[in-house]
Amino acid sequence: MQDHLLSDDSLEESGDERVAENAVQKRRKSSGKMPVKRRSVLPSEIQLKARGMPVEEVANMVKNDTFVLRAEIFGSRKGAPFWDTMRRVVDKESEDRLDFVCCSRCKQVWKHDRTVNTDALHRHVTKYGVKANQPKITSYLKSHKLPRAAKQEMSRVCARYCAVDGRSFEEVAGTGFRALIDTVIDVTMKYSHAGKSTARDMLPDPTTYVGKGAKAIRDLKPILRLCGGGITLDFWEEEYTKVSYLGCTVYYMFGGSELRERLLLCSEWDTVDRKTGAAVQKFIFSKLREIGLCEEDVKLCTFVTDQGGNMKVAFRNSGFERINCAGHLLNTCSQNCLKSNPKSQHPMPAEALPVLALANQVKSLVTHCKQGGISRQLKTTLKQHCETRWNTHVEMFASVLAVYDQLEDILAERKESHLLPSRQKMQEFHDLFEPARDATFLLSASKRPTIHLVVPAYLELKRHFKDQVPSDFPEIRAFQEHVENVFNKKLEIDELHRVAVFLDPSVKHLQFLTATERVAVLKRAMEEVQKIPQPKRQELR
């Protein structure tokens, strides 16, 4: 084994250092180990400057990110236990290690080099808490997965609850229902010493506390009178009894930053009158009065409805603001694109009628696959078009395209290849309506405001239909022009939508509007601000 020699540019040593080094070499030779000469490393300018700094100044430089923290590296040997929490202070630019350490939890800084005792670091870590790699007592309290049998039992009971009490299936996913179940679990665990309790022992009487408490929680008058909100209205018809119902949901800001929604009512149309505009207006406000909301309470609210003629007439001269539901309007546009009745508002041109046959062919294919057992052989399920659900025609085309190769092989084996439409035509149909589906999802969110996104979404859709590449198929090309025409005529932008865009910082300059429209938006915004009631100033004493 050869000795490691210093290079010619190594530092010169003093006489005393050379004598000491010779003594070390003699001792190592006597023990059988060859000496290793180590090069001395001079401290950098940053390290020399940091040695004279007080601890407080180093702590401030750690806070402003001039110095950063790095885990100490020990190589093959193991460091002291306090290094699980302590970190070495390092200059951010030069990466030079400084003679300071910092607690990674409380950010307290200590001076630390080879001459400093480490007892203070040990005491700090012991006083602060357990080591990072030691399990905490809370780890033993974490919830574990329920066995499959328990989940199946809960599913059976929830299904019985919805069926026997006539509740919606979505009720078991509601926030209130889950909070009820969590509270039952907590009470049972807390008072387990009292024995097994039944639901009759635990639940209160519905006519005493529950009724009064629910009315207090439902009281939205103070919020709606001060800040207003949005109220969505929609009529729907029960499929078997043909009874009409009115659904009413309110959206309001809670705490100035959290958007909340609450179902106000779902009431049966219990009058013999026809659903004219006047009858609808009378019915809506009578039902709101039944739950304690008069016209004055919802004066600052904006009503969101579909484009039904009776809804428009009901709010035309009522003094209340009404705007179109953006998601419903986009769905109406998509449905109107596929209407072939000459009496409809936007009938399909004769050149585009083969596209309607294409959509019907895809519907028949999905039905055939479901009824013939072909769906079980596919890697993903096929989705059928439903008239009462939004954008299902896009979902149907997307599901068939996802398994097109599989369908091609299966139908070829069954000698049914004639049932499979052209892939290119299906893809062009899907790509034409996909942005409309995405815009519907974007504008249908209920946990965050979306009114400021309506105008950008409408403009982006119009740009999409205008800039689309013409198809090689004449029927698809005629259908593209038809769709562009329908969306351009049906997508109406309300004035309130423009005001909402003005409040969005990213597009507040309203570059997409004319000068006259910008002035009108600013005027309307100032009018809305003046409607908000201001708190009265207290007189100076």
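Here the structure is a predicted model, which means the values were calculated and not measured.

## Concerning the environment of Lys-275
Item 1. Structurally, Lys-275 is set in the loop between strand 7 (258-268) and helix 10 (277-290).
Item 2. For the pair Lys-275 and Met-311, spaced 36 residues apart in sequence, the C-alpha to C-alpha distance is 9.3 Å.
Item 3. Apart from the residues within four sequence positions on either side, Lys-275 is in contact with Phe-235, Ser-244, Trp-269, Val-280 and Asn-310.
Item 4. One polar contact links Lys-275 to Ser-244, side chain to side chain, over a distance of 2.7 Å.

## Some remarks on the side chain of Asn-331
Item 1. Secondary-structure assignment places Asn-331 in helix 12 (residues 326-337).
Item 2. Residue class for Asn-331 comes out buried when judged on its relative accessible area of 8%.
Item 3. Apart from the residues within four sequence positions on either side, Asn-331 is in contact with Arg-389, Trp-390 and Asn-391.

## Some thoughts on helix 17 (residues 454-467)
Item 1. With 14 residues, helix 17 extends 20 Å from end C-alpha to end C-alpha; this agrees with the ideal 20 Å at 1.5 Å per step.
Item 2. Buried within helix 17 we find Val-454, Val-455, Ala-457, Tyr-458, Leu-461 and Phe-465. Projection of helix 17 onto a plane perpendicular to its axis shows the buried side chains occupying an angular sector of 165 degrees, all on one side. In helix 17, those exposed residues whose orientation departs by more than 90 degrees from the buried face are Lys-466 and Asp-467.

## Remarks on the pattern of salt bridges
Item 1. This structure, assessed with the given rule, holds 19 salt bridges.
Item 2. The residue Arg-88 makes a salt bridge to Glu-72 at a minimum N-O spacing of 3.2 Å. Of this pair, Arg-88 sits in strand 2 (residues 86-91) while Glu-72 sits in the loop between strand 1 (67-70) and strand 2, placing them 16 residues apart in sequence.
Item 3. Judged by its relative accessible area of 7%, Arg-88 is buried.

## Things to note about the sheet that holds strand 4 (residues 109-111)
Item 1. Within the open sheet, the four strands sit side by side as 1-2-3-4. Their pairing is antiparallel. Bordering the open sheet on either side are strand 1 and strand 4, each of which pairs with just one other strand. Adjacent strand axes in the sheet meet at a mean angle of 40 degrees when their direction is disregarded.
Item 2. Relative to strand 2, strand 1 runs antiparallel, the two sharing four bridges. Note on strand 2: the bridge partner recorded for Val-68 is Val-90.

## Notes on unusual backbone geometry
Item 1. Of note, Asn-391 is a non-glycine position whose phi angle comes to about 60 degrees, a positive value.
Item 2. With respect to the helices and strands, Asn-391 occurs in the loop between helix 13 (353-371) and helix 14 (392-402).
Item 3. You will see that Lys-415, though not glycine, has its phi angle at about 55 degrees, which is positive.
Item 4. Structurally, Lys-415 can be placed in the loop between helix 15 (404-413) and helix 16 (423-443).

## Some remarks on helix 13
Item 1. Spanning 19 residues, helix 13 covers 27 Å between terminal C-alpha atoms, matching the ideal 27 Å at 1.5 Å per step.
Item 2. Taken residue by residue, helix 13 has Val-355, Leu-356, Leu-358, Ala-359, Val-362, Leu-365, Val-366 and Cys-369 as its buried positions.
Item 3. The elements touched by buried residues of helix 13 are helix 14, helix 15, helix 16 and helix 18 (474-490).
Item 4. The first or second residue beyond helix 13 is Gly-373, which carries a positive phi of 80 degrees.

## Points about the nonpolar core
Item 1. Residues Leu-407, Phe-433, Phe-479 and Phe-487 are the most contacted members of the largest nonpolar core, which totals 48 residues.
Item 2. It is helix 13 that provides the largest number of residues to this core, a total of eight residues.
Item 3. Non-local contacts of Phe-433, meaning those with residues more than four positions away in its chain, are made with Ser-334, Cys-337, His-393, Val-394, Phe-479, Val-483 and Phe-487.
Item 4. Core analysis: the next-biggest nonpolar cluster, separate from the first, contains 26 residues, Leu-264, Trp-269, Cys-301 and Phe-303 among them.

## Details of the sheet that holds strand 7
Item 1. Pairing within the open sheet is mixed, and its five strands lie in the order 7-6-5-8-9. In the strand order of this sheet, the two ends are held by strand 7 and strand 9 (321-324), each with one partner. The sheet shows a mean angle of 25 degrees between the axes of neighbouring strands, taken without regard to direction.

## A few points about the packing of aromatic side chains
Item 1. Summed over the entire model, instances satisfying the criterion amount to 15 aromatic pairs.
Item 2. Aromatic rings pair up to connect Phe-285, Phe-303, Phe-315 and Phe-320 into one cluster.
Item 3. It is Lys-275 that lies over the ring of Trp-269; its NZ or CZ is 6.0 Å from the centre.
Item 4. The ring of Phe-320 carries the charged tip of Lys-299 above its face, separated from the ring centre by 4.7 Å.

## Topic: the pairing of strand 3 (residues 97-103)
Item 1. With six of its seven residues buried, strand 3 lies for the most part within the structure.
Item 2. Note: strand 2 against strand 3, four bridges, orientation antiparallel. Each bridged residue has a counterpart across the sheet, and for Arg-87 the counterpart in strand 3 is Cys-102.
Item 3. Counting the residues that bridge the hairpin from strand 2 to strand 3 gives five residues, and of these Glu-95 lies at a positive phi of roughly 60 degrees.
Item 4. From the end of strand 3 to the start of strand 4, which pair antiparallel, there are five residues, and Lys-107 there has a positive phi angle of about 65 degrees.

## Quick look at the pairing of strand 6 (residues 244-254)
Item 1. Bridge analysis of strand 5 (residues 229-237) against strand 6 gives eight bridges, and the strand direction is antiparallel. Opposite Ile-231, over in strand 6, you have Val-250 as the bridge partner.
Item 2. Counted between consecutive antiparallel strands, the loop separating strand 5 from strand 6 contains six residues, among which Lys-242 sits at a positive phi close to 60 degrees.
Item 3. Bridge analysis of strand 6 against strand 7 gives ten bridges, and the strand direction is antiparallel. The partner of Tyr-252 across the bridge, within strand 7, is Arg-260.

Criteria and thresholds
- Residues numbered from 1 in each chain as written.
- Predicted model: local features only at pLDDT ≥ 70, side-chain atom pairs only at ≥ 80, totals over all residues.
- Heavy atoms only, no water.
- Helix = DSSP H or I, 4+ residues; strand = E, 2+ residues; numbered from the N terminus.
- Contact = heavy atoms within 4.5 Å.
- Polar contact = N/O pair within 3.5 Å; in protein donor to acceptor, adjacent residues only side chain to side chain.
- Buried < 20%, exposed > 50% of the residue type's maximum accessible area, 1.4 Å probe, protein only.
- Expected span 1.5 Å × (residues − 1).
- Arc of directions from axis to C-beta.
- Salt bridge = Lys/Arg side-chain N within 4 Å of Asp/Glu carboxyl O.
- Pairing = 2+ DSSP bridges.
- Axes fitted to C-alpha atoms, helices over the stretch in contact; angles between N-to-C directions.
- Core = buried A, V, L, I, M, F, W, Y, C linked by side-chain atoms within 4.5 Å.
- Phe/Tyr/Trp six-rings, centres within 6.5 Å; stacked < 30°, edge-to-face > 60°.
- Lys NZ or Arg CZ within 6 Å of the ring centre and 35° of its normal.

So yeah, pure geometry; function would need other evidence.
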